[in-house]
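# Working through the structure, step by step
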Amino acid sequence: VMRGLDDLVAAGKLDYVALSDAPAWIASQANTLAALRGWSPFVALQVEYSLIERTADRELLPVAEAFGLSVTAWAPMGAGILTGKYTRGPSTLPEDSRRAAANQARLTERNLQIAREVDRVADELGATSAQVAVAWVRQRGRWVIPILGVRTLEQFQELLGGLDLELPAEHFARLRDA
């Protein structure tokens, strides 16, 4: 596979290649093989990553750091759970959410507890919960890039408004530990 991808890069049909939702051993093996053979390596990993989905912390982020790969993190707001819509309203089933039914399995007490901590930090910093959730992912490292999934222009503008948000070390640690 790496040889074929290298041929596509060499032919100018691709600029770079990346890997999505693959185990760390595959990324490591593929980039090691590419380095040994002088082929084009993967330059990025795309993984689900948020305060409620931290599986990538164990192997994928260390592999990315070791090989100098960017990480594009999908669902940095935990599929909407970290935006406050499940914790700030009168119901944990927001009627306006297209994801409400699909999120039922994610609405565990653990995840709601993390979401409430995001809400508290947001209130302390004068930001929205969504801005705090995305800022936490951004602050994992300059090589971690959150992929923003929004449904409305207002949601997009809200997140753009939080691009300058830097979480103080104390708040970052509280969220990490939540």
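Conventions adopted
- Starting afresh in each chain, residues are numbered from 1 along the sequence in its written order.
- Confidence filtering applies because this is a predicted model: local features only for residues at pLDDT of at least 70, side-chain atom pairs given and counted only at 80 or more, and all residues used for totals across whole chains, interfaces and linings.
- Derived side-chain values reflect all non-hydrogen atoms in the structure, with water molecules and hydrogen atoms excluded from consideration.
- Note on pairing: DSSP must find at least two bridges between two strands before they are called paired.
- Counting from the N terminus, the helices are the DSSP runs of H or I reaching at least four residues and the strands are the DSSP runs of E reaching at least two.
- All axes here are fitted lines through C-alpha atoms, helices being fitted over the stretch that makes contact, and every angle between N-to-C directions spans 0 to 180 degrees.
- To define a nonpolar core, start from buried Ala, Val, Leu, Ile, Met, Phe, Trp, Tyr and Cys residues and group those joined through side-chain atoms within 4.5 Å.
- Type-normalised accessible area, obtained with a 1.4 Å probe on protein chains alone, sets the label of each residue: buried when under 20%, exposed when over 50%, and partly exposed for intermediate values.
- Note: the arc covers the axis-to-C-beta directions of the helix.
- Nitrogen and oxygen atoms within 3.5 Å of one another constitute a polar contact, given that in protein one can donate a hydrogen and the other can accept it, and given that sequence-neighbouring residues count only through two side-chain atoms.
- Salt bridge, as used here, is a side-chain nitrogen of Lys or Arg placed within 4 Å of a carboxyl oxygen of Asp or Glu.
- For the handedness criterion, the strands are oriented away from the viewer, and a crossover whose path from the first strand over the helix to the second runs clockwise is classed as right-handed.

With that settled, consider the sheet that holds strand 4 (residues 144-147). If you trace the 4 strands from one edge of the open sheet to the other, you get 1-2-3-4, paired in parallel fashion. Bordering the open sheet on either side are strand 1 (17-20) and strand 4, each of which pairs with just one other strand. Across the sheet, the axes of successive neighbouring strands diverge by a mean angle of 25 degrees, strand direction being ignored.

Leu45, Tyr49, Leu82, Val132, Trp136, Leu167 and Leu175 are the most contacted members of the largest nonpolar core, which has 51 residues in total. With 7 residues, the single largest contributor to this core is helix 5 (residues 129-138).

Let us now look at helix 1 (residues 2-10). Along helix 1, the residues that are buried comprise Met2, Leu5, Asp6 and Val9. When helix 1 is viewed along its axis, its buried side chains cluster within an angular range of 100 degrees and face the same direction. Phi turns positive one or two residues past the end of helix 1, at Gly12, with a value near 80 degrees.

Take the side chain of Asn111 next. Take Asn111: it is sitting in helix 4 (residues 109-125). For Asn111, the side chain forms a polar contact with the main-chain oxygen of Arg106, separated by 2.7 Å.

Per the stated rule, a full pass over the model turns up 13 salt bridges. Between Arg88 and Asp119 there is a salt bridge; the shortest N-O distance is 3.4 Å. You can see Arg88 sitting in the loop between strand 3 (70-74) and helix 4 and its partner Asp119 sitting in helix 4, a full 31 residues away along the chain. By relative accessible area, which is 6% here, Asp119 ends up buried.

Attention now goes to the pairing of strand 2 (residues 42-48). Within strand 2, 5 of the 7 residues are buried, which leaves the element mostly enclosed by the surrounding structure. Examined bridge by bridge, strand 1 and strand 2 share 4 bridges and lie parallel to one another. What sits directly across from Ser20, in strand 2, is Gln46. Note on the crossover from strand 1 through helix 2 (residues 24-37) to strand 2: the handedness is right-handed. Note that strand 2 and strand 3 share 5 bridges and pair parallel. By the bridge assignment for strand 3, Leu45 is matched with Val71.

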